[in-house]
Each structure stands twice: as structure tokens, then as C-alpha cells.
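Given next are the chains, with one letter for each unit.
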Amino acid sequence: MFVISERINGLFVSVGKAIDRRDARWVQDHAVLQIECGAQALDINVGPGRDDGPAAMEWLVNAVQEVTDLPLCIDTPGTKTMTAGLKAAKNRTIMNSTTAQKKHMDALFPLCREYGSDIICLTMDEKGIPNDAESRTELAMLMITTAMEHEIMPDRLLLDPLVLPTKAGQDQGMKVIKAIEMFQALNDPPIRTVVGLSNISNGCKDRPLVNRTYMAMLMGAGLSAAILDPEDKEMMETIKTAQVLRNEKLYCDDYLRA
Ligand code: THG
């Protein structure tokens, strides 16, 4: 299980303010905490509705990479902001993300190839997020073949079925699990899968409980990576336990500390 921290995101008010005042020290301390908690990559998102997107992204990537060599997951829907992040990054990057819309793939796959990045493929198009696992899988297949036309091999892709708040659509949780299972049958070896986990609990009362329960279910279905909050200690313990149960980590009585 590959843990990508969701916390370097301008959506969080404290992070947005630190970006506004270009407070590198605050951002760096925040990044180091994520890594100490077990993050293996950092999602980097300047937040919505900025007119300085590319400049903010360039600054944020530079600030973070002064304290870590971990891969950065450049999270933006804007091609200019994405390019600014890729240009600034010195280490491995994961582009977050393209959709199956032709105009997105035509803009983002060439960048992916140029910068040697990995890329998250969101299974949605101009009609939005499909209602079932089968339609999500069709879009995944379209993105895999289009990436290959751009000489991007399947091992550089991460397929994201898009987790929705259970409060808004309770039937979607199991459809996403089914999509994760179906995605793994599309290629041999299976293409990696990823989710933005905390979407599931948006508006729920006990968010950590909902998040970690869903995480265990997704891991049972073979999920490879997740964007989540590594400061959530019980979440990280759930992941470690599921890794033992998936036979990825050797069991010992002290596995939580080992
Ligand atoms: N897939 C991919 N990337 C993603 C997502 C995804 N990136 C963004 C998001 N979804 C994952 N990251 C977050 C970050 C924060 C929250 C949820 C997902 C979150 N924030 C609180 C809220 O909105 O209520 C708190 C905000 C605050 O404190 O101000 O839940 O699905 N590829």
C-alpha cells in the first residue's frame, strides 16, 4: 500500500494561508510531519479558485522539496499549474490527474511523456462520473489505450474510480470496490489503482471511522495506493494490519511497531 498524504492542500484553510504569505517554514514543518507519520509521497494542491495557480504551485513544490526527496503528486486540473509543478520538481512526480475527456488526455499525456511522470487517470468524462463499475472500467480502458498511443506504458498509470461521499450516494461505495477489482483484470501485470479516500466521509459525523473502515474494504479488493491523512494514527494502524492480512508484511506480535 502506497500512502500519499492529502494534507498539503490549499483547501485546508491553514495551508491556504501559508501559501498566501509564502511561509516556506510552515509548509516544510507540515510536510515533515506527514512523512514522520508514514507518508510515502505528498499530494501537492494549491487549492481552488486562485489567480496565481502556476506561481503558487512552483513556490509550493520548491518549498516542499527542500525538506524531502519523496515523490510529489501534483494535484491540479489546470494545465498551466500542472506544467509549473512538473518544471519545478526535481524528483519523481505523479500527475494528478487526467480525465478520459479527449481535450484533457491530449494536453496531459504529452506532458506526462515529456517529464517522465506517472499519471493518475480519473474514470470520468464530459458526462461526469459514471454510475457503475462497468462504465468506469470502459473509461479506464480508453485511457490505457490512449496513453499507449502517446508511448506511455501501463506501468506509469494509476487508475482512480473516484470515491464519492457515502452521504450523497450510498450505492457508490461498493461500485467503486467492484471497479477496483475490474481494473486489475484489464492488464497483466495489473495496473495500479488509487483513490482519494476521505471523499467517502464528506459530511459524516465520525469521519475517521468511516475512512478507515472503507480503507480496509478497498485493501481487501486489492487497492494499491491512497491519498489520505497519515496523521490519523488509527488509519495507519488499520493499513498496517490489512497489509499483514494481505500477506504483504510478515506477521509478528509487534507488527505495529516493527
Ligand atoms: N482523487 C484524486 N485526487 C484527489 C481526490 C480524488 N485530490 C483531492 C481529493 N480527492 C483528496 N484530498 C482530500 C483533501 C481533503 C479532504 C478530502 C480529500 C477533506 N477536507 C475536509 C473537508 O473538505 O471537509 C476539511 C477541509 C478543512 O479542514 O478546511 O475532506 O478523489 N486522484
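The coordinates are above.
One structure accompanies this document, and this report is about it.

Parameters and conventions
Residues numbered from 1 in each chain as written. Predicted model: local features only at pLDDT ≥ 70, side-chain atom pairs only at ≥ 80, totals over all residues. Heavy atoms only, no water. Disulfide = S-S within 2.5 Å. Buried < 20%, exposed > 50% of the residue type's maximum accessible area, 1.4 Å probe, protein only. Salt bridge = Lys/Arg side-chain N within 4 Å of Asp/Glu carboxyl O. Helix = DSSP H or I, 4+ residues; strand = E, 2+ residues; numbered from the N terminus. Phe/Tyr/Trp six-rings, centres within 6.5 Å; stacked < 30°, edge-to-face > 60°. Lys NZ or Arg CZ within 6 Å of the ring centre and 35° of its normal. Pairing = 2+ DSSP bridges. Axes fitted to C-alpha atoms, helices over the stretch in contact; angles between N-to-C directions.

Describing the state of the cysteines
Then step 1. One pass over the structure, following the stated rule, counts zero disulfides.
Then step 2. The closest cysteine sulfur to the non-disulfide-bonded C112 is located on C121, 8.1 Å from its own sulfur.
Then step 3. Judged by relative accessible area, which is 0%, C121 ranks as buried.

Quick word on the pattern of salt bridges
Then step 1. Summed over the entire model, instances satisfying the criterion amount to 16 salt bridges.
Then step 2. R212 is the salt-bridge partner of E234, the closest N and O atoms lying 3.6 Å from each other. In this pair, E234 is assigned in helix α9 (residues 233-245) and R212 in helix α8 (residues 207-220), connecting sequence segments 22 residues apart.
Then step 3. Overall, E234 belongs to the partly exposed group, its relative accessible area being 44%.
Then step 4. In the salt-bridge network here, residues are joined through shared partners; they are D20, R22, R50 and D52.

Focus: the packing of aromatic side chains
Then step 1. Counted under the stated rule, the structure contains one aromatic pair.
Then step 2. Both rings, one in Y251 and one in Y255, keep their centres 5.8 Å apart while their planes meet at 50 degrees; by these two values the pair is tilted.
Then step 3. The side chain of R7 reaches across the aromatic face of F12, ending 4.4 Å from its centre.

Quick word on the sheet that holds strand β5 (residues 118-122)
Then step 1. What the eight strands build is a closed barrel, ordered β1-β2-β3-β4-β5-β6-β7-β8; its pairing is parallel. Averaged over all neighbouring strand pairs, the angle between strand axes comes to 25 degrees, with direction disregarded.
Then step 2. Across four bridges, the pairing between β5 and strand β6 (residues 157-160) is parallel. Its bridge partner lying in β6, I120 is registered against L158.

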